[in-house]
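Below are the chains, spelled out letter by letter.
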Amino acid sequence: MKTTFPFGLQKINILTPKSQRSCYEQSIKSSKVFNDPVLKKLFASNKALRNLGLDPDNKFYADLIPKDNFKSKLSYYYEVAKIKLSSSRKSLAKRIGSYLDNHFNPPNDELIKVELPKANIDYGVLKSEISKSTLLKDRAQDYTEAAKYIDDNWGNLYRRTPETTDSSLIPLPKPFVVPGGRFREIYYWDSYFTTLGLNRSKRSSVSEDMTENFLHLVDKYGFIPNGNRTYYLSRSQPPVFGLMVDELKDGKSKEWLGKYYNGVKKEYDFWMKPDEHYVSEVGLNRFFDSKDTKRIESFGDDNKNMKHVPKKFYQNERAICESGLDFSKKYSDGPLNVIPIELNSLLYKYETLLGDWAMELGKPNESKLWQKRAQTRKENMFKYLYDEKTGVFKDYNFKKKNFTNTDNLMMNFPLFVGLLSKDNPKELKIASNIKNFTVENFEKPHGVILLKEDAVLDENAFIKKEANEYQWDSPNGWAPLQYITAKGFENYGFEDDSNRIMKKWLDLNTDMFKKEGKFFEKYNVVSKDENAKTCYPEQDGFGWTNGIYLEFLHNLKSK
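Attention here is on the structure that accompanies the text. (Residues numbered from 1 in each chain as written. Predicted model: local features only at pLDDT ≥ 70, side-chain atom pairs only at ≥ 80, totals over all residues. Heavy atoms only, no water.)

**A look at the sheet that holds strand β11 (residues 396-397)**
So, point 1. Taken in spatial order, the 3 strands make up an open sheet running β8-β11-β12, and their pairing is antiparallel. Each edge of the open sheet carries a strand with a single partner, namely β8 (338-339) and β12 (402-403).
So, point 2. Of the pairings in the sheet, the one linking β8 to β11 comprises 2 bridges and is antiparallel in character. Across the sheet, I339 pairs through a bridge with Y396, a residue of β11. (Pairing = 2+ DSSP bridges. Helix = DSSP H or I, 4+ residues; strand = E, 2+ residues; numbered from the N terminus.)

**Quick notes on the packing of helix α9 (residues 140-153) against helix α21 (residues 495-516)**
So, point 1. Direction vectors running N to C along α9 and α21 enclose 75°, while the axes themselves pass 10 Å from each other. Judged by the angle between their axes, α9 and α21 are roughly perpendicular. For the pair α9 and α21, the contacting residues are D142, Y143, E145, A146 and Y149 in the first and K503, L506, D507, T510, F513 and K514 in the second.
So, point 2. A per-class count over the contact of α9 with α21 returns 5 nonpolar, 1 polar and 5 charged. (Axes fitted to C-alpha atoms, helices over the stretch in contact; angles between N-to-C directions. Parallel < 35°, antiparallel > 145°, perpendicular 65-115°, else oblique. Contact = heavy atoms within 4.5 Å. Nonpolar A, V, L, I, M, F, W, Y, C, P; charged D, E, K, R; others polar.)

**Comments concerning the environment of F193**
So, point 1. Locating F193 in the fold gives a position in helix α10 (residues 188-200).
So, point 2. By relative accessible area, F193 is classed as buried at 1%.
So, point 3. Measuring from C-alpha to C-alpha, the distance between F193 and Y549 comes to 9.9 Å, with 356 residues separating the pair along the chain.
So, point 4. The contacts of F193, once residues within four sequence positions are left out, are P480, Y483, I484, W544, G547 and I548. (Buried < 20%, exposed > 50% of the residue type's maximum accessible area, 1.4 Å probe, protein only.)

**Some points on the packing of aromatic side chains**
So, point 1. Within this structure, the stated rule accounts for 39 aromatic pairs.
So, point 2. With a centroid separation of 5.7 Å and 70° between ring planes, the pair formed by Y187 and Y232 is classed as edge-to-face. Of this pair, Y187 sits in the loop between β5 (176-177) and α10 while Y232 sits in the loop between α11 (204-221) and α12 (241-248); the two residues are 45 residues apart in sequence, bridging distant segments of the chain.
So, point 3. Residue classification places Y187 among the buried residues on the basis of a relative accessible area of 4%.
So, point 4. By relative accessible area, Y232 is classed as buried at 4%.
So, point 5. Across the ring face of W256, the terminal group of K252 is positioned such that the distance to the ring centre comes to 5.4 Å.
So, point 6. For the cation-ring pair, K422 lies above Y492, with the distance from its terminal atom to the ring centre recorded as 5.5 Å. (Phe/Tyr/Trp six-rings, centres within 6.5 Å; stacked < 30°, edge-to-face > 60°. Lys NZ or Arg CZ within 6 Å of the ring centre and 35° of its normal.)

Shown next as structure tokens:
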């Protein structure tokens, strides 16, 4: 029989029933299978999968769709468990593959392609507009071709879920755009950057559907998970739901705004739980995950660290995943101990947005409360995150009571969210310091990087990975970081620097598109002739790259 799957049996324990239990809890229910010594030896590591000639991408198995009920599988797995390890790789792989073909469907079968709303974009007009731009006119044809490809490709990334599912997928009420590649479901912070491009593509209705999906998740779970999978139900991602609402609110009714005001408030409450995300002793927030267990979607990777792991190792690893920067030396102190610039900047933005919306909704007392909270957060950010010596913001280790050892690009988040007053000369000077520090330390030939190239791990680092697994670090550049930086510069009048960063990123993306015929998740911004480093195969598609490309193109075509 021809085998459909790059199979891997250890994932049986994460296939969930219709209940909303987490996949980890379900795995405990089937612990006899999960802990069988033969299965564990064969399938608990990526090495074992590779030795059988199988695909080691654990996420694939986490997302498999069972054809029959969970309990009926147990007898077969006991049978497989009796197979001696001396069995030939070929016969064992064939036997497992045949079973998977009979009892599972591949993950992509569950997400349903739907027709994308038409946009009626005139590319002749777009090319003419680009040709008038001082910054873009020399490559007007190339940019137009790339933009058309992105507009056409949105349909290949447009999905909806079934109404019910027995897999790890969480159903959503509206269609959405996925990132692409192995990321076949909706992802939280990816979606914000993706919707910026959808809006530029005259598809704000899709952005509204994606924002409504997040409101649905907030109403159901009290927060927005990392993605719509049950194994993500213990963590979120950087909070951008409020920013998505703000992008769409113009022209909307008070009823619409009131609905989303309540939703954003509910999500804000999730981030403010004491002893979880909120650290009362400093009045600021950290990334957090309630579980200290191996990640179901990366079980083989985490199993490498099975012996002698430090206390709270897996919880720190999961918290890094919530930061979206999985993985970076930025969090080598252990994120549970770190007060990060970006998270607190975004929550400051939530507080200012909620204050504005409360006033629009005729709730002046609530508005004052939000304004007070924003002011208190700003004061605490200056107290704990601002470094007088360098004049920039830094992450703070509240356990060690000092700054972390990794200056990083996230110092631009205060510029992105407007934390610094333009009426205050001292704060404008800080904005200039941040811009200069960024240009000197993080700007490279083709974009900006997260950390300086000589950044090293904290000596007591929680998460020690192989070099290529720190994929958020140099030489890699990522679309959201280019946007945060360029937008932050623009907010404070550093237009030439903002334009330069946008142009570098557009040219890099365009050159790679002409060479490869597609857009990627991340790029090497130090040398475009070399591939980005990655802890999994380079993913193409790609939602947030597409979105930021169009955002930058439309921003620069008027200059």
